[in-house]
Amino acid sequence: MKKNILFFLLTVIFSAKGFAQVTVDSTIKLDLLQSPASPAFNILGIALNDIERPTDLSSFALSIQQATNNFTTMPNSYAFQVAPFLLTKRKYTLNEFDNGANAFKQSFLISAGFTHIGPKGKEDIDSLKTTKVGFGIKFSIVRPGWTNSTRLAYNNLIKAQQQLLDDARIYEQNHPKKALLEKKKLRLKILEDKDTLTANETAERQQLLEDIATLDGEIFEGFTDELPSTANYDNAKKAALAFKTERRGFFLDFSGGAALDFPDNRFSNSKVYRAGMWFTGGHENGNSGFSFLGIARYLYNPETIFADPGGLVKGSNVSTVDMGGRILLDGKEKFLFSAEALYRSILGNSLVKPSWRLVLNAEYDISMNRKLTFAFGRDFDGTISKGGNLIAAINLIAGFGTDRKISPKN
Amino acid sequence: MPKAKSIKTQFKESSTKTAHFDTYKIDKSDNKILMNVFPGDTGQAALTEAYLDNVKIIEAAEGAVDSFELGANKKLKGKFLEVYTVVTDIPGDPDLTSFRFQLNGGLNPYEYFVEKTVQNQGDSVIYKITIFFTTH
């Protein structure tokens, strides 16, 4: 019951775009889904992939992660991320996303996550469940530019917009009241040339200003009333609907974060579960073909380490360094296959042997806002995990009210 | 005497009006007048063009127009500035389009802001502002 209440409250409070997930992360937006890159989930150790693709952001996003394979229980892992620079008065129009000048501010995000599950492989055992809270940041150091197809789509949109501006000007020039408007403007100019105005001239000037405002407004509103029914308006709309952000090139992201564990679920008793920072880089190939990603990650584990949750070196302040790569194959915007491999080295401790992780992942966009995912692999601790679930996204979208996208697919 | 408009009608008009006319008080100095146009919300596509006494001074400016120099105060006396900006909603991005216009360098800073929500994804809104530079 408490979980239901918590879920309902989060739904109401965060009435922004959200996405729901069974076993794996998925992002829901109008015409494209993408697994989110939340450093909070990464530092908590519950992200689907350790090596994340670069993302474009919206100002706010909420994610939910479900540790079971269906909707029989409420989600028990949550994360939200905020792009603070996108919440300011400064707005970034579409063209400003095709260069690196504003990459830091456009990509900087702060995320926070919460989970209440047991250790890996025993997530659903109530007696082992503890509450963990994670915080993270992420930003782009190097961001790839748009692909040629994205830039072509943008140029088509700009051409269509130019046509609308031309239409507006032509409509005004041909309007029957245009001559009267110009006549009043000319009279106003003549009065403006005078250093001083008589009382009558002042009154006339005031009337001219009002008439010009009225005429100018009437003429332009006449155009905007007709605008939606014009062919050029439809062309602009088609160009906008056809636009999809796709990037290609080398990228480098920085992420960092820390997680707290509340072993007995009391606020007064917490310990640092994990802290770390990592660089993710590689070559993004857009929405088709192969993309190659790599990661270099340092993690500090004061109490336990991911590689040995049994507690072999518990409390010994073990640090680990992870190095790995991920290869992704995008297939005609419907399929996404990826394979991720990481090797973990232990710093300053000979009790624990190095470990490795290998995960194969497949995603399929069933339809708009629906995605099927499947993951199979070996984790650092040696457990085998797999999961694949249809995203019943519609039910949860309605709750979150999605009127903003989370991120265009890169 | 014109018929009084209801609050509902006035609200509807104010929420859909995308053309605006105003005056901007200047002096006879050589100080430069600078113009800013900040269209749209983050992620929207915007294109701006401007005319000074029917002469095109800005052609196809994508995104924001920042600190565009219109000329000295004394040179602008009695001239009309017309600025057109089209903002197109991109699917998934905010549906609220906007237009922020600023002038600096005259007697006082000037700012005008208007916004309009599009009804459908991909819709466009065209904003227009006309400014008359005056010393009176």
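In this text the structure is predicted, and so the values were computed from the model without any measurement. Sequence order as written defines the numbering, with residues in each chain counted from 1. Here the convention is simple: chains get letters from A, ligands get numbers from 1, in the order in which they are written. Side-chain atom pairs in this predicted model are given and counted only at pLDDT of 80 or more, local residue features only at pLDDT of at least 70, and totals for whole chains, interfaces and linings cover all residues. To get the side-chain values, take all heavy atoms of the structure and skip hydrogens and water.

Quick word on the pattern of salt bridges
The salt bridge definition used is simple: a Lys or Arg side-chain nitrogen within 4 Å of an Asp or Glu carboxyl oxygen. In the structure shown here, the tally under the stated rule is 27 salt bridges over all chains. We note a salt bridge from K56(B) to E49(B), for which the minimum N-O separation is 3.5 Å. Note on E49(B): relative accessible area 0%, which makes it buried. Where salt bridges share partners, they join R169(A), E172(A), K178(A), E182(A), K185(A), D216(A), E82(B) and K128(B) into one cluster. Exposed residues in this analysis have more than 50% of their type's maximum accessible area, buried residues have under 20%, and partly exposed residues fall in between, with area computed by a 1.4 Å probe over protein chains only.

Quick notes on the packing of aromatic side chains
Working definition: rings of Phe, Tyr and Trp (its six-membered ring) pair if their centres are within 6.5 Å, and the pair is stacked with planes under 30 degrees apart, edge-to-face with planes over 60 apart, and tilted otherwise. Across all of its chains, the model carries 21 aromatic pairs over all chains by this definition. Look at F99(B) and F101(B): their rings are 6.3 Å apart centre to centre, the planes differ by 15°, and that puts the pair in the stacked class. We classify F101(B) as buried; its relative accessible area is 0%. When the centroid spacing of 5.5 Å and the interplanar angle of 10° are considered together, the rings of F99(B) and Y127(B) count as stacked. Here F99(B), found in strand 7 (residues 96–104), pairs with Y127(B), found in strand 9 (residues 124–134); they are 28 residues apart in sequence, far enough to count as distant. For Y127(B), a relative accessible area of 0% translates into the label buried. Here the aromatic residues F85(A), F104(A), F108(A), F139(A), F254(A) and F279(A) are joined through ring pairs into a cluster of three or more. In this analysis the charged atom, NZ for Lys or CZ for Arg, is taken to sit over a ring once it is within 6 Å of the ring centre and within 35 degrees of the ring normal. Just above the ring of F80(B) sits the side chain of K185(A); from NZ or CZ to the centre is 4.8 Å. Numbering of helices and strands runs from the N terminus; a helix is a DSSP stretch of H or I covering at least four residues, while a strand is a stretch of E covering at least two.

Some details on the interface of chain B and chain A
Taken together, the contacts link 56 residues of chain B with 51 residues of chain A. Between chain B and chain A, the buried area comes to about 4500 Å², and carbon and sulfur atoms account for 57% of it. On inspection of chain B and its partner chain A, the count reaches nine salt bridges. The partner of K185(A) in a salt bridge is E82(B), and the shortest N-O contact between them spans 3.7 Å. Counted as a polar contact is a pair of N or O atoms within 3.5 Å, where, for protein atoms, one must be capable of donating a hydrogen and the other of accepting one, and residues adjacent in sequence contribute only when both atoms are in side chains. Counting across the interface, chain B meets chain A through 29 residue pairs in polar contact (both at pLDDT 80 or more). Per element, the largest residue contribution to the side of chain B that touches chain A is eight residues, and it comes from strand 9 of chain B. When residues are grouped by polarity, Ala, Val, Leu, Ile, Met, Phe, Trp, Tyr, Cys and Pro land in nonpolar, Asp, Glu, Lys and Arg in charged, and all others, Gly among them, in polar. Of the residues assigned to the side of chain B that touches chain A, the class counts are 20 nonpolar, 22 polar and 14 charged. Only heavy atoms enter the contact rule, under which two residues are in contact if any of them lie within 4.5 Å. Buried area: the accessible surface (1.4 Å probe) lost by two parts on joining, summed over both.

So far we have only geometry, and geometry alone does not tell us how the molecule works.
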